[in-house]
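Structural overview
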Amino acid sequence: MAGGAEGVRLRPATRADWDLIRGWLGRADIEAWWGPRSATEAEVNIAMGSRHALCRVIEADGTPIGYAHAIDATAWGDQLPQDLPAGTWDLDLFIASENHRGKGAGQTALAMLKDEVFSTTLATAVCVFPSIRNERAVRAYEKAGFRWQQNLG
């Protein structure tokens, strides 16, 4: 299925991928949901430099189509909800390839990342912090089994 979820896999993101990831982060469509480039570059750099993170390039049939990471949520500091259970990991991803959006690639990548977190770390839970304005992402997270806990603003 061209442009769909078939053939989707995650591979470790390395510093050699930085120019590709940085280019994606500078795109207006990615910035609209992930935030300003300077902040998202810092977030990805923190994740890539952490021993408590999994950074992945999302590929479809060997072609990079997006980026994903999972990181121990405590890496983000004191801005977390107070009732977030200890051991929670934050998952985040985007599909940069417009040909793969809305066709299951993101949901497949999310499921793979979630499975990897639970099978390779001591995580007790996973969470996401999507913008409620990004309805496509919110619906994808709900389809993947995530449930609203609270609105952080």
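See the structure printed just above.
The structure reproduced in this document is the subject of the present report. (Residues numbered from 1 in each chain as written. Predicted model: local features only at pLDDT ≥ 70, side-chain atom pairs only at ≥ 80, totals over all residues. Heavy atoms only, no water.)

So, the pattern of salt bridges
Working definition: two side chains of opposite charge can pair if their charged atoms are close together. Counting across every chain of the model gives 8 salt bridges. One salt bridge connects Arg101 with Asp29, and the closest N-O pair in it is separated by 2.6 Å. Note that Arg101 is positioned in the loop between strand E4 (88-95) and helix H4 (105-120) and Asp29 in helix H2 (residues 28-34), a separation of 72 residues in sequence. Given a relative accessible area of 22%, Arg101 falls into the partly exposed group. (Salt bridge = Lys/Arg side-chain N within 4 Å of Asp/Glu carboxyl O. Helix = DSSP H or I, 4+ residues; strand = E, 2+ residues; numbered from the N terminus. Buried < 20%, exposed > 50% of the residue type's maximum accessible area, 1.4 Å probe, protein only.)

Here we look at the side chain of Asp90
Tracing the chain through its elements places Asp90 in strand E4. Although buried, Asp90 forms no salt bridge, and the nearest oppositely charged side chain, Lys114, lies 13 Å from it. Excluding residues within four positions of it along the chain, Asp90 makes contact with His69, Ala70, Ile71, Ala73, Trp76, Cys127, Val128 and Phe129. (Lys, Arg positive; Asp, Glu negative; His and termini not counted. Contact = heavy atoms within 4.5 Å.)

Remarks on the packing of aromatic side chains
Under the defined criterion, the tally for this structure stands at 4 aromatic pairs. Residues Trp24 and Phe94 carry aromatic rings whose centres are separated by 5.9 Å and whose planes lie at 90° to one another, so their mutual orientation is edge-to-face. Remark: Phe94 occurs in strand E4 and Trp24 occurs in helix H1 (residues 18-25); sequence separation between them is 70 residues. Exposure remark for Trp24: the relative accessible area of 9% places this residue in the buried category. Centre to centre, the rings of Tyr67 and Phe94 are 6.1 Å apart; their planes meet at 40°, and the pair counts as tilted. (Phe/Tyr/Trp six-rings, centres within 6.5 Å; stacked < 30°, edge-to-face > 60°.)

Regarding H1
Where H1 is concerned, the buried positions are Trp18, Ile21, Trp24 and Leu25. Around the axis of H1, the buried residues are gathered within 130° of arc, so they sit on the same side. Looking at the buried positions of H1, the neighbouring elements they touch are H2, helix H3 (37-48), strand E3 (63-72) and E4. (Arc of directions from axis to C-beta.)

Brief notes about the nonpolar core
Formed by 23 residues in total, the largest nonpolar core has its most connected members in Ile58, Ala70, Trp89, Leu91, Val117 and Phe146. By residue number, the principal contributor to this core is H4, which donates 5 residues. Counting residues in each nonpolar core, the second largest holds 17 residues, with Ile21, Leu25, Ile30 and Cys55 among its members. (Core = buried A, V, L, I, M, F, W, Y, C linked by side-chain atoms within 4.5 Å.)

Side note on the pairing of strand E2 (residues 53-60)
With 8 of 8 residues buried, E2 is to be regarded as a mostly interior element. Where strand E1 (residues 8-12) and E2 come together, 5 bridges link them in antiparallel fashion. Following the sheet pairing, Arg9 is matched in E2 by Glu59. Of the pairings in the sheet, the one linking E2 to E3 comprises 8 bridges and is antiparallel in character. If you follow Ala60 over to E3, its bridge partner there is Thr63. (Pairing = 2+ DSSP bridges.)

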